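# A look at the structure
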Amino acid sequence: MFGNHHHCHSLLLRHQLRRYATKYTARVTSTTSGGRRLAAEVKPPTHETDTRGYPIPRQDLICKISQILKSPKSSSTDPFDDLSDYCQTLTLTLTPNEASLVIKSLASPRLSLQFFQFCPSHFPNFRHESFTYNRLLVVLSKAASFGASEWVDTIRSIVGEMEKDGLRGNISTVNILIGALGAEGVEWCLRLVKLWELRLNNYTYKCILQAYLRAYDVEKAYGVYVEMKRKGYGLDIFSYNMLLDALAKDEKVTQAYKVFEDMKKKRCEPDEYTYTIMVRMTGKTGKTDESLTLFQEMLTKGFTPNLMAYNTMIQALSMGRMVEKMISLFTKMVQNNCRPNEFTYSVILNALAAEGKLGQLDEVVEVSKKYMTKSIYAFLVRSLSKLGHANEAHRLFCSMWAFHDKGDRDACLSMLESLCAAGKTAEALDLLDKAQEKGIITDTMMYNTVLYTLGRLKQISHLNDLYEKMRSDGPSPDIFTYNILISSFGRAGNVAEAVKIFEELEDSSCKPDIVSYNSLINCLGKNGDVDEAHMRFKEMQEKGLTPDVVTFSTLIECFGKSEKVEMSSRLLDEMIDMGCCPNIVTYNILLDCLERSGRTAEAVDMYAKLKQQGLTPDSVTYAILERLQSGRHSAVRVRKQNPITGWIVSPLR
């Protein structure tokens, strides 16, 4: 009985394999010159098969089809027309396996889809199998992963065609679809599993878990993990780390510890990245001792910490205020030839500053001397400057200056900014003077940085000297240079010099901009020449420059100070007509003018107007309102620095 069954199975297999060839033979006859008649029987070609009886893919055919389809498309020929002609020459039809290999070699989603649709209508008895569908879905899913949403719709329609053909997908189909569609497609894929009567395997669960993690849905991802555990499935190290990282970032500490312990039970040994995740999590939750224990466990298991691992542990020690241990670990890091980066130095610097131990920065610099490049020095100088430690920044900069033959332009600029912010103009001028000794070409930005500070501190003699040096030896002044000078001379009340600089600007390759005019108008108006200020206001419009809110506010204040309140009010109307919206500073200026001139009713109307405009009153507004209510007129001025021109433009004078 068993023999008969085996015989029937063999006949069935042979019958299935014969579908690839026609069932005929040809007889060729010929007669020789001697009258002899010759005959030969020609059999059609057949597929070579492997040991299991499956056709072996014909690589020459696959290459030929791929070559035809990849040939450049012209206006006169289409690769698919050429392929159609080529198909007529074939004795045997294409197998689904060969079709899938062609799709794989094409790699192009659009071309692969066209070929997939071409096969059934051009190859006799050709029918797609789940394997060819899967191959196409893999190609389309790669295109979808690059953000091409059109391919997501195509993927769904391909599955629809598959079902119309009465073809069931396999679990590999589901895995591909989950990878392509992500978390949004999980429910649909699970419905397909039921429809096709499939069972989820370990890899399918892993795909679902990763889909939820990529969508930042940690709750659902952890739920999938619990289900996997219940069914006896496990994860690989990559998936474990992915889940751990998500749980740690979501501050799900208990679940993270549980997964970490499960790894060990499942004999999936944690790697250095696993330990780094755990160290970061415990450090952020203030469990620095646990971070140290985990880090030591990693070393005991023979792992060599990389830059990320060292930085994570250093950050954990910084959060735990363990400065000495932090520096000790940094020393070991350097001894183990692991190069620190800017993040490493940033964490250490912030920790030392927070603990008031910036003196120990010298030790850090000395320990890592072999890695102290000019860019690292520049970074530390900038960081110290931003933290407000100008003296430490200057000391470190001087150390760099002595250590390197060539200076660093960025570090030099950072040091200039730091010295200027601290009002150390003598040191800034000295640094600017000596920069060329280290091969640093002093540029306009460096000069502007120092010029601005000299002007802000009203050190006019030094300002003049530096500007003259810039004109004779330094880089060419730019529009910012001229604007700084006009503003600086205006602040010092030197109107003639401000006008002279403005005229130089007009004669230069740079031309006055809105800030130049604002600075000059401010200078003229604040120093009593309101008519000239108004003339410049008209001039800027003639030259095609549109006054902004600063221009109008400045001029309104100038007229208000000169007790020309009507002119201030007209300017406000002109401002609104030009489409320039007054801000709270503009209204404060007018309120102050009206209040000081005793026009209480108009001031109240102005306040109602600013409220209608949707503006929020500030402390200056309320101070004026308080004076209005008390009937007490005051000449007190609240001065504010203008962020555009860099000098005082306040409303209240």
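Residues numbered from 1 in each chain as written. Predicted model: local features only at pLDDT ≥ 70, side-chain atom pairs only at ≥ 80, totals over all residues. Heavy atoms only, no water.

On to the environment of Asp478, then. For Asp478, the position within the fold is in the loop between helix H25 (460–472) and helix H26 (479–491). The exposure class of Asp478 is partly exposed, given its relative accessible area of 23%. Remark: the alpha-carbon pair of Asp478 and Thr444, spanning 34 residues in sequence, is separated by 7.2 Å. Those residues in contact with Asp478 that sit more than four places away from it in its chain are Thr444, Asn448 and Cys510. At 2.8 Å, the side chain of Asp478 and the side chain of Thr481 are in polar contact. (Helix = DSSP H or I, 4+ residues; strand = E, 2+ residues; numbered from the N terminus. Buried < 20%, exposed > 50% of the residue type's maximum accessible area, 1.4 Å probe, protein only. Contact = heavy atoms within 4.5 Å. Polar contact = N/O pair within 3.5 Å; in protein donor to acceptor, adjacent residues only side chain to side chain.)

This brings us to the packing of aromatic side chains. Inspection of the entire model under this criterion finds 13 aromatic pairs. With centroids separated by 6.4 Å and ring planes inclined at 50°, the aromatic side chains of Phe123 and Phe126 adopt a geometry described as tilted. Between the aromatic rings of Tyr205 and Tyr233, the centroid separation amounts to 5.6 Å while the plane-to-plane angle is 45°, which identifies the pairing as tilted. One end of the pair, Tyr205, is in helix H10 (residues 202–214); the other, Tyr233, is in the loop between helix H11 (218–230) and helix H12 (237–249), with 28 residues separating them in the sequence. Take Tyr233: its relative accessible area is 24%, and that puts it in the partly exposed class. Taken together, the ring pairs connect Phe80, Phe118, Phe123 and Phe126 into an aromatic cluster. One Lys or Arg, Lys64, reaches over the ring of Tyr86 and ends 6.0 Å from the middle of that ring. One residue, Arg156, lies across the ring of Trp188, its end atom 4.6 Å from the ring centre. (Phe/Tyr/Trp six-rings, centres within 6.5 Å; stacked < 30°, edge-to-face > 60°. Lys NZ or Arg CZ within 6 Å of the ring centre and 35° of its normal.)

Applying the stated criterion to the full structure yields 33 salt bridges. Residue Glu98 pairs with Arg58 through a salt bridge whose shortest N-O separation is 2.8 Å. Of the two residues, Glu98 is situated in helix H4 (residues 96–106) and Arg58 in the loop between strand E2 (37–42) and helix H2 (59–70); the sequence distance between them amounts to 40 residues. Here the salt bridges share partners, and the residues they tie into one network are Glu506, Glu532, Arg536, Glu539 and Lys543. (Salt bridge = Lys/Arg side-chain N within 4 Å of Asp/Glu carboxyl O.)

Our next topic: the confidence of the model for the protein. Across the protein, the average pLDDT comes to 85, with 88% of residues at 70 or higher. Within the protein, helix H16 (residues 307–319) carries the highest mean pLDDT (96), whereas helix H1 (residues 2–17) carries the lowest (41). Low pLDDT (under 50) marks residues 1–26, which in the prediction has 17 contacts with non-local residues, meaning those over four places away or in another chain. When the criterion is pLDDT under 50, residues 635–653 qualifies, and its contacts beyond four places in sequence or with other chains add up to 61 contacts. (pLDDT = per-residue confidence, 0-100.)

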